[in-house]
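Observations on the model geometry
So the chains spell out like this:
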Amino acid sequence: MLKYLLRRLLLTVPVLIAITFIVFGLTELAPGDVADYFISPELQMSPEALAALRARFGLDQPVLVRYVNWVGNILQGDLGYRFTDGQPVGDVIARRLSASLTLIGVAMLIGVVVGVPLGVFIGLRQYSFWDFSLTGFSFLGISMPAFVTGIIALFIFSIQLRWFPSGGIRPVDRVPTLLDSLHHLMLPSLVLSLNYIATYMRYTRFSILEVIHSDYVRTARAKGLGERWVTWRHTVPNAILPVVTVVGLSIPNLVVGAVFTETIFSWPGMGTLYLEAVSGRDIPLLMGMNLVIALVVLLGNILTDLTYAVVDPRIRYD
Amino acid sequence: MPKKLLVLLVVMLLLVALAPAAAQGGGTLVGAFDVGPGGAPKAIPYFDTAGRTWLSKIWTPLVTWNADISELEPQLAKEWSSNDDATLWTFKLRDDVKFHDGEPFTAADVVFSLKLAINPEAATQFTSFSGLAADSVVDVRAVDDYTVEIELSQPSPRLPYIMVFLWILPEHALKDVKPAEYQNSPWFFTNPVGTGPFMHDEYQADQFWALKPNPYYWKGVPKLNRLINRYFADETAAILALESGEIQFSYASGDVALRLAAEDKYQVFPGPSGVTNYFIFNYRDPIFKDVRVRQAFLYAIDRKAITETVLQGTAEVVPCIGAFPSMWPDASELNDYAYNPDLARRLLQEAGWDSSRTVEIVTYYTSQFHLDAMAAQQAYLADVGVNITPLTQDVPTYNSYFYTGENWAISYRGVAANVANFPFNFYVKGGFETSDQMPLMGEEFPELNDLIQRARAEKDAEKYVGLLQDICRFQNQNAIEGYMWTATRYGIASKNLVDFYWFPGPGGGPYEDQAHLWSVSG
């Protein structure tokens, strides 16, 4: 297992280099640069000032030179400074990543804790009232975008009932307590979790229905095992495996999976930061974020593969 | 025992009675000061084309606009004058101003600030949005502690208008920061020092910036206990916070402002955007060299109806690029291009317009206001046989194409066009680095060029405005662009704000808003 892990980790290095090279190339192909971003179309910008800006950000150098410089800085642990506001990229990403991990992590956790058991529940009761009701809910949860549910939730719980703040991660007029932070986190994470609950419920239901009709479950019943034993020892553990894949594939979402929710709730996370980076043609930030995202995806995949071995005794990596 | 209890009770009552009085002050105002077109979250001096409403709370320029941006008002400079040809300007400074840290403000700070703002190594945007070319400043010097001279290589009759954008930074605090590292300095968000009414208290990146009163403020200590600028991802989020009572001020689009204005709990601050929305034709496409085609676009679109219905009265039709009536000649000298689709059809036919052709109209606008307006324009033009397709691009993409003069036929856009900040460079060679070195629209108009040169050099304010009116007349009669309207922009504030003021100045002003008098009641 350790050998396998090391091999996978080593393989991530060339993949990361390839990813950063491709992303750097793509940012070059995109029309406009940070100097174009700085021009307010409604105000004015002189050609001289634009040239000075491009020189300041090193955009007057060949693309390959800039890429090599960037890699050189990365190897020294320096992600550089944001073009658009001069802040250190590492600090900005760390701050925003922490906010995103909190929001999306809690939402995913709610999704797993609520969605998987509900999926098991309706999977075992196919075509029942609960199955139809919760399946209907899951369709709604999957198809309703966060900017709709978010606005509705804000209108009801923030503007009308005033139970929750309308956005932000803390109150601005006092030093926040843990309770304050939870208060700010609750509404956006619940809104975001709706999609996760619906998704995990659907997958779990589908997986349960597949397993429940499999030969080994039929055999277990034929052996005279009790229904509870069949369900919890044979059906559910085997049905969980595909769900683990789905949850594992959701791990990259932890980084930039909540653009709409972050926007509506003014939650300063990675999703909105990515939009800022793209719209500002902020290459250092864009590259830094892509590096983090690539790392999370690669490590997420490794983690998923390792989890298989834990959940499914048939899988061995030695 | 009862006696002791009585004393205790009296003490407690006294404490209760005194506590609110001590805590009251002017209260805490939380606003979304960087939402909307004038905002720029995390802006630092000289490094953004907007955000000046908030910056003016911390830093102060030598002069500023008055409340409705119609005249200049003294700030750190008491008075100013120039030599005859406006190449040497003298600014007399106030001698009673201190920075937030108690250090006195002197002429050395002005010299330091201007030199930094135009330093190519710092690569600020000051030279761009102010219009002051770095190489036109021959020297800036302190004559004494409270007198500054600025020497220019060419006449600049409107230099005081440029000084509106020059925030005065403290030399004593920033002298060790290298110009190239200016933008990356953490100083601006950790311990910034200015001469504005409020001083730094707490900055939480991406969340808010809180200020407290400047005890040295030369107009008097501000009433508010705290002024907080809360950051929002977009206007919708800010409006939701306003409606939930968490903030007391935000910019609002026209449709939102009209809805909130109907409620009793808000104060509405409308004002002219100072931005003209128009079609700019690319004359590199020969069809647009024909004045009949350009005029047909104006006759084909019922601009008045669009402003009254689609834009719900939040915009006013303009006759030329100037956004203010003071820049227009008498109406009798202007063609109002009243809606006349028959005339538009005839002009197009005479000019040989190919009605099977589809023209993309590029824009960077994404707001509902402009999208609705463009949909209406599309329908009106289709009615006379002109097929247009609006194409929205993000700002960097738009700019990367637009300013080269290539790959676009018509653009629907906006430009700030007021008396002090007129977009002369849109009409002259060298104004932008176009691929063919021609003016942006690909055509040079000798008569317009002459008017522009005269206006740029004119020192007399009245004659200068007269020249702007001449430019307007020329633009209008020749329909060199398709002038549409100028919009009203809105700020919405809670009713419990006292003496609060906001104005939609381009880029956020700056303008005199008497922030030291603001307070929150109740």
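Position numbers for residues count from 1 along each chain, tracking the sequence in the order it is written. Written order determines the labels here, with chains lettered from A and ligands numbered from 1. Only residues with pLDDT of at least 70 get local features here, since the model is predicted, and only at 80 or more are side-chain atom pairs given and counted; chain-wide, interface and lining totals rely on the full set of residues. Side-chain measures were taken over the full set of non-hydrogen atoms in the model, leaving aside hydrogen atoms and water.

With that settled, the discussion passes to the overall build of chain A. When helices and strands are counted, chain A shows 14 helices and zero strands. Put simply, DSSP marks the helices as runs of H or I at least four residues long and the strands as runs of E at least two long, and each gets a number from the N terminus on. Element order for chain A, N to C, with α for helix and β for strand: α-α-α-α-α-α-α-α-α-α-α-α-α-α. Projecting the C-alpha coordinates of chain A onto the three principal axes gives extents of approximately 85 × 55 × 35 Å. Whether two residues are in contact is decided by their heavy atoms: any pair within 4.5 Å suffices. Sequence separation of at least 24 residues holds for 72% of the intrachain contacts in chain A that already meet a minimum separation of 6. For chain A, the computed accessible surface area is about 15,500 Å², with 70% contributed by carbon and sulfur atoms. The protein chains shown are the only cover counted for residues, whose accessible areas, like all others here, come from Shrake-Rupley with a 1.4 Å probe.

Our next topic: the pairing of strand S7 (residues 147–152) of chain B. All names here are of chain B. In this scheme, a residue with accessible area under 20% of its type's maximum is buried, one over 50% is exposed, and one in between is partly exposed, where area comes from a 1.4 Å probe on protein chains only. With respect to burial, S7 is a largely interior element, five of its six residues being buried. Pairing between strands is defined by DSSP: at least two bridges between the two strands are required. Inspection of the sheet shows strand S5 (residues 88–93) paired to S7 by five bridges, in the antiparallel sense. In the strand pairing of S7, Leu88 is matched with Glu151. As paired strands, strand S6 (residues 137–144) and S7 are joined by six bridges and run antiparallel to one another. Note on S7: the bridge partner recorded for Asp144 is Thr147. In textbook terms, the turn of a hairpin is the stretch between consecutive antiparallel strands, and for S6 and S7 this stretch comprises two residues.

Taken together, the contact pairs 65 residues of chain B with 51 residues of chain A. Taken together, the two surfaces of chain B and chain A that pack against each other cover about 4,500 Å², and 52% of this comes from carbon and sulfur. Every case where a carboxyl oxygen of Asp or Glu lies within 4 Å of a side-chain nitrogen of Lys or Arg is listed as a salt bridge. Between chain B and chain A we count six salt bridges in total. Each polar contact in these results corresponds to two N or O atoms within 3.5 Å; when the atoms are within protein, one needs to be able to donate a hydrogen and the other to accept it, and residues that are neighboring in sequence are counted only if both atoms are side-chain atoms. Along the contact surface separating chain B from chain A lie 16 residue pairs in polar contact (both at pLDDT 80 or more). Those elements that provide at least two residues to the side of chain B that touches chain A are helix H4 (126–130), strand S8 (198–204), strand S10 (226–230), helix H8 (235–243), helix H14 (395–402) and strand S16 (410–416) of chain B. For the side of chain B that touches chain A, the element with the most residues is H14 of chain B, which contributes seven residues. Polarity classes work like this: nonpolar for Ala, Val, Leu, Ile, Met, Phe, Trp, Tyr, Cys and Pro, charged for Asp, Glu, Lys and Arg, and polar for all others, with Gly in that last group. Looking at side-chain class alone, the side of chain B that touches chain A contains 32 nonpolar, 19 polar and 14 charged residues. Defined in terms of a 1.4 Å probe, buried area is the accessible area two parts forfeit on being brought together, summed over both.

Per the stated rule, a full pass over the model turns up 44 salt bridges over all chains. The closest approach of N and O atoms between Lys42 of chain B and Glu276 of chain A, which form a salt bridge, is 3.8 Å. On the criterion of chain membership, the pair formed by Lys42 of chain B in the loop between strand S1 (28–32) and helix H2 (52–58) and Glu276 of chain A in helix H13 (residues 270–279) is interchain, its members lying in two chains. Using a relative accessible area of 14% as the deciding quantity, one classes Lys42 of chain B as buried.

Residue and element names in this part refer to chain B. Any pair of cysteine sulfurs within 2.5 Å is marked as a disulfide. If you walk through the whole model with that rule in mind, you get one disulfide over all chains. Across a sulfur-sulfur distance of 2.0 Å, Cys320 and Cys472 are joined as a disulfide pair. Between Cys320 and Cys472, the disulfide has an S-S torsion of -95° and is therefore left-handed. Taken together, the residues span a long stretch of sequence, with Cys320 in the loop between strand S13 (315–317) and helix H12 (341–351) and Cys472 in helix H16 (residues 461–478) at a distance of 152 residues. Overall, the relative accessible area of 1% leaves Cys472 in the buried class.

It is worth spelling out the domain arrangement of chain A at this point. Many descriptions give the size of an interface as the accessible area lost when the pieces come together. Residues and elements named next belong to chain A. Per the annotation, domain bounds derive from an automatic or database assignment of domains. Taken as a whole, chain A is organised into domain 1 (22–75) and domain 2 (89–311). The centre of domain 1, based on its C-alpha atoms, is set 36 Å off from the matching centre of domain 2. On the side of domain 2, nine residues touch domain 1, which itself brings 14 residues to the contact. Summed over both sides, the interface between domain 1 and domain 2 buries roughly 900 Å², with carbon and sulfur atoms accounting for 77% of that surface. Of all residues in domain 1, Val23, Thr27 and Trp70 bury the most surface against domain 2, accounting for 45% of the area lost on that side. Along the contact surface separating domain 1 from domain 2 lie zero salt bridges. Between domain 1 and domain 2 we count one residue pair in polar contact (both at pLDDT 80 or more) in total. Those elements that place two or more of their residues in the side of domain 1 that touches domain 2 are helix H1 (2–29), helix H2 (34–38) and helix H4 (63–75). Per-class residue counts for the side of domain 1 that touches domain 2 are nine nonpolar, two polar and three charged.

In this section: H8 of chain B. All names here are of chain B. Counting buried positions along H8 yields eight of nine residues, so the element is predominantly enclosed. For H8, the set of buried residues is Glu235, Ala237, Ala238, Ile239, Leu240, Ala241, Leu242 and Glu243. In this structure Asp234 caps H8, since a side-chain oxygen of it lies 3.3 Å from the backbone nitrogen of Thr236. Gly245 lies just past H8 and shows a positive phi near 85°.

Let us look at unusual backbone geometry. Residue and element names in this part refer to chain B. That bond from Gly509 to Pro510 is cis: its omega, 5°, falls within 30 degrees of zero. Inspection of the secondary structure assignment puts Pro510 in the loop between strand S18 (497–498) and strand S19 (519–520). The backbone phi angle of Ile69 is positive, close to 55°, even though this residue is not glycine. Tracing the backbone through its elements, the reader meets Ile69 in the loop between strand S2 (63–65) and strand S3 (72–74). For Ile69, a relative accessible area of 15% corresponds to the buried category. Non-glycine residue Tyr337 carries a positive phi angle of around 45°. By secondary structure assignment, the location of Tyr337 is in the loop between S13 and H12.

Further remarks concern helix H9 (residues 254–261) of chain B. Residue and element names in this part refer to chain B. If you check which residues of H9 are buried, you get Gly254, Val256, Ala257 and Leu260. Buried residues of H9 fall within an arc of 160° about the axis and therefore sit on the same side. Lining the buried residues of H9 we find H8, strand S11 (249–252), strand S12 (266–281) and strand S17 (482–494). Read the arc as the range of directions from the helix axis to the C-beta atoms.

A separate point is the sheet that holds strand S4 (residues 77–82) of chain B. Residues and elements named next belong to chain B. Spatially, S4-S5-S7-S6 is the arrangement adopted by the four strands of the open sheet, whose pairing is antiparallel. Bordering the open sheet on either side are S4 and S6, each of which pairs with just one other strand. For this sheet, the mean inter-axis angle between neighbouring strands, taken without regard to orientation, is 15°. Strand contacts of helix H3 (residues 107–117): S5, S6 and S7, with the helix running at about 165° to S6, the strand carrying the most contacts. As a rule, the C-alpha atoms of each element are fitted with a line to give its axis, helices using only the stretch in contact, and angles between N-to-C directions run from 0 to 180 degrees.

Our focus in this paragraph is the nonpolar core. Within the largest apolar cluster, 196 residues are counted, with the highest numbers of intra-cluster contacts made by Phe126, Ile150, Met163, Phe279, Phe297 and Phe500 of chain B. Two domains each provide a minimum of three residues to this core, namely domain 1 (22–75) and domain 2 (89–311) of chain A. The criterion is simple. A nonpolar core is a set of buried Ala, Val, Leu, Ile, Met, Phe, Trp, Tyr and Cys residues joined through side-chain atoms within 4.5 Å.

Confidence scores here are pLDDT values: one per residue, from the predictor, ranging 0 to 100. On average, residues of chain A carry a pLDDT of 90, and 98% of them reach 70 or more. By mean pLDDT, the top-scoring element of chain A is helix H5 (residues 89–123) of chain A (95), and the lowest-scoring one is helix H11 (residues 253–256) of chain A (80).

All names here are of chain B. Stacked, tilted and edge-to-face are the three classes applied to pairs of Phe, Tyr and Trp rings, where Trp contributes its six-membered ring and a pair requires centres within 6.5 Å; stacked means planes under 30 degrees apart, edge-to-face means over 60, and tilted covers the rest. Inspection of the entire model under this criterion finds 61 aromatic pairs over all chains. Relative to Phe297, the ring of Phe281 lies with its centre 5.3 Å away and its plane at 75°, an arrangement referred to as edge-to-face. Taken together, the residues Phe281 in strand S12 and Phe297 in helix H10 (residues 291–300) connect sequence positions 16 residues apart.

Right, let's get into the environment of Glu73 of chain B. All names here are of chain B. Relative to the elements of secondary structure, Glu73 occurs in strand S3. Given a relative accessible area of 29%, Glu73 falls into the partly exposed group. C-alpha separation for the pair Glu73 and Val30, spaced 43 residues apart in sequence, amounts to 27 Å. Beyond its immediate stretch of four places on either side in the chain, Glu73 contacts Val63, Thr64, Asn66, Trp80 and Glu512.

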